[in-house]
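One letter stands for each residue in the lines below.
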Amino acid sequence: IFGRRHGMYGLRGVSARSRARFTRSRRSLRAIAPSRAASSCARLTSIDDSSVKDVPGLVKVVSRGNYVAVVCEREEQAIRAARQLKCEWTPPASAPFPASDDLFTYMRSTTPSSTEKPVASGDVDTALKGAAKVIEASYDVPFQGHTAIGPAHALADPSNGQLTIYSNDMKSYGMRIGVAEFLKIPREKVRVVWMQGPQAYGRTAAEDAGFEAAFLAMELGRPVRVQWTRQEETAWDTKGPAYAVTMRGGLDAQGGLVALDFDARAADYNHVGYNEAGSVLIAQLTGQQKAQAARGRASFPNDSYSIANRRMSGAVVPMPLAWQTPVRQGNLRDPDGPQVTFASESFIDELAAAANADPVAFRLALLERGRGDDAGFKRARSIACLKAAAEKFGWASSTKASAGRDRWIGDVATGRGVAYAYRSETVAVEMVEVEVNRRTGRVWVKRATCAYDVGLVINPDALTRTVENGMLHAISRALFEEARFDRQKMITTDWITSPTLTHADVPERIDVVLVNGDPNPNRPDLPHYGAGETMCKPMLAAVANAIYDATGVRLRR
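Here goes a summary of the coordinates provided. Note that this is a predicted model, so its numbers are computed, not measured.

**Some details on the overall build of the protein**
Counting its secondary structure elements, the protein contains 13 helices and 22 strands. Relative to the 2.2 N^0.38 estimate, which gives 24 Å for 557 residues, the radius of gyration of the protein is 25 Å and therefore close to what a compact globule would have. Each principal axis of the C-alpha distribution contributes one length, and for the protein these read about 80 × 50 × 50 Å. The average position of the 72 basic charges and that of the 61 acidic charges among the side chains of the protein differ by 4 Å.

Dropping the structure here:
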């Protein structure tokens, strides 16, 4: 069965074909449903089943609450039925979200739903008052989606009293627990078989597709295959939270950093968890959502800089409507590290420029003036990574005084940038060289270097490839990706409206330096740490800093 949720765009769950290995013994049905709702969060008021009675292969129209699916024997039949099905919808009384063009104004002016406990040391306000120079800047990062190259999909088979779900969701045991709770059946009656697929890293739509397939299979008592369309995947998958950050920093007469103030607002209210029976999309549409939306969070920078007076604060901003909306917040690769690090490491670069200091030397001084370290030696390993990246990249010391001046050769200017962060115990320093074309507007990351310390390395080749693909993912996020919407619906729904990195945009050279920065001579290797996400964290800032170096223009969004 082709199963499809009723959303704001055409189809939700069409597959090109059922995989033979899924359906050798039993033929699966196809089910989908189009949405004719003019607005997100609309309420279904009526369905005209007779509008699809002439569709060959029609099995059933399934509906519950605001969820609608047409079930057919074949894919093309389900697509036709989805397009023909007539439904009436009542729009919500108020707009479900602000337009993306107004998002950051909304975030900075709206009363937060919650605040984070500030982290502070020293006296920031007094230090700023006594500073020789005070710098202030704001940074914005929009919602970004997973935009997997293959849309979410799943197959569920309820045969022989056992519900078997074939899914590439990364948390198979979690899906088993969540589906059993959602369908109110014993956990031992649910089996999840993990399959290879394109959805990975974070809370993807693979979970939503798995729950939909399970629901439809149990409704019909037959195997059901659900696959989202490109439009649904781009519009309805969970989005990495948007951030609006304001920073202030104070420099002394010698250009030393004496105070740093970080204040973030995250649009992260109702953050969707993993395989939660009360937060998957079908639960929201059928009216089975949790009584209370998730609180969300606003994260702080992760670095080992020694700054005597430092304060970090944050707040979570809610959207007007929490449920049944495509602006659903969920973990994206390194959930909110790239957003936070874009602000913090861009600002460190601005402070280095204000101090007329080389950005690498400025960071190195902040790391080296610290005296202590944690049990994982993150400060020492951060220093080792910064030096290793500079050596591999060939970073020659300079100041920022000449940024953007005399850098143009014809229409093209070249610049370089650096950024650094850690995630848990893994440390990453990235340096990039960019070319900016003022005639076409194209920014090309021509060269990228990452120094990476993940502790004990078991397979260096696999780790290197992992770091490379993460760097490419982050470059795509830096230059191309943004989830955009008006006050009623998503307007980025395909590869044209929501572009991503292409082969033509890949750097001509990527260097990965695997660093062992453990300073303990009696232990040659630290434990092995997480390797798959930290490289995403510094890249947005590194690219922005390189564009400044090329053009003299700061990118604060």
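Still more to cover.
**As for the nonpolar core**
For soluble globular proteins, nonpolar side chains are generally found buried alongside one another. Of all hydrophobic cores here, the largest spans 53 residues; its most connected members are Leu-163, Ile-165 and Val-179. In terms of residue count, the dominant contributor to this core is helix 6 (residues 206-220) (eight residues). Setting aside anything within four residues of it in sequence, one finds Ile-165 in contact with Leu-155, Ala-156, Met-175, Val-179, Val-190, Arg-191, Val-192, Val-193, Gly-210 and Ala-214. Listed in part, the 50 residues of the second largest apolar core include Phe-347, Ala-389, Tyr-420 and Tyr-422.

**Side note on helix 10 (residues 359-368)**
A turn of α-helix holds 3.6 residues, and therefore any two residues three or four places apart point the same way. Within helix 10, seven of the 10 residues are buried, which leaves the element mostly enclosed by the surrounding structure. Along helix 10, the residues that are buried comprise Pro-359, Val-360, Phe-362, Arg-363, Leu-364, Leu-366 and Leu-367. You can read the cap of helix 10 off the contacts: a side-chain oxygen lies 3.0 Å from the backbone nitrogen of Val-360, and it is on Asp-358.

**A few points about the environment of Leu-526**
The topology assignment puts Leu-526 in the loop between strand 22 (509-514) and helix 13 (539-551). Given a relative accessible area of 3%, Leu-526 falls into the buried group. In sequence terms Leu-526 and Gly-376 are 150 residues apart; their C-alpha atoms lie 7.7 Å from each other. Ignoring anything within four residues of it in the chain, the contact list for Leu-526 reads Gly-376, Phe-377, Arg-381, Gly-455, Leu-456 and Asp-518.

**Remarks on the pairing of strand 16 (residues 257-267)**
Across the 11 residues of strand 16, nine count as buried, placing the element largely inside the fold. In the sheet, strand 15 (residues 242-251) pairs with strand 16 via 10 bridges, with the strands oriented antiparallel. Note that in strand 16 the partner of Arg-248 across the bridge is Asp-261. Once strand 15 ends, the chain turns through five residues before running back antiparallel as strand 16, passing Gly-255 with a positive phi of about 85 degrees. Inspection of the sheet shows strand 16 paired to strand 17 (residues 309-316) by eight bridges, in the parallel sense.

**Observations regarding the sheet that holds strand 20 (residues 426-437)**
Spatially, the five strands line up as an open sheet ordered 18-19-20-21-22, and their pairing is mixed. Either end of the sheet is taken by a strand with one partner, and the two such strands are strand 18 (408-409) and strand 22. Examined bridge by bridge, strand 19 (residues 412-423) and strand 20 share 12 bridges and lie antiparallel to one another. In the strand pairing of strand 20, Gly-415 is matched with Val-434. The strands touched by helix 12 (residues 460-479) are strand 20, strand 21 (443-453) and strand 22; relative to strand 22, the strand with the most contacts, the crossing angle is about 130 degrees. Of the strands in this sheet, strand 18, strand 19, strand 20 and strand 21 are in contact with helix 13, which crosses strand 19 at around 150 degrees.

About the criteria used
- Residues numbered from 1 in each chain as written.
- Predicted model: local features only at pLDDT ≥ 70, side-chain atom pairs only at ≥ 80, totals over all residues.
- Heavy atoms only, no water.
- Helix = DSSP H or I, 4+ residues; strand = E, 2+ residues; numbered from the N terminus.
- Rg over C-alpha atoms; globule rule 2.2 N^0.38 Å.
- Lys, Arg positive; Asp, Glu negative; His and termini not counted.
- Charge placed at Lys NZ, Arg CZ, Asp CG, Glu CD.
- Core = buried A, V, L, I, M, F, W, Y, C linked by side-chain atoms within 4.5 Å.
- Buried < 20%, exposed > 50% of the residue type's maximum accessible area, 1.4 Å probe, protein only.
- Contact = heavy atoms within 4.5 Å.
- Polar contact = N/O pair within 3.5 Å; in protein donor to acceptor, adjacent residues only side chain to side chain.
- Pairing = 2+ DSSP bridges.
- Axes fitted to C-alpha atoms, helices over the stretch in contact; angles between N-to-C directions.

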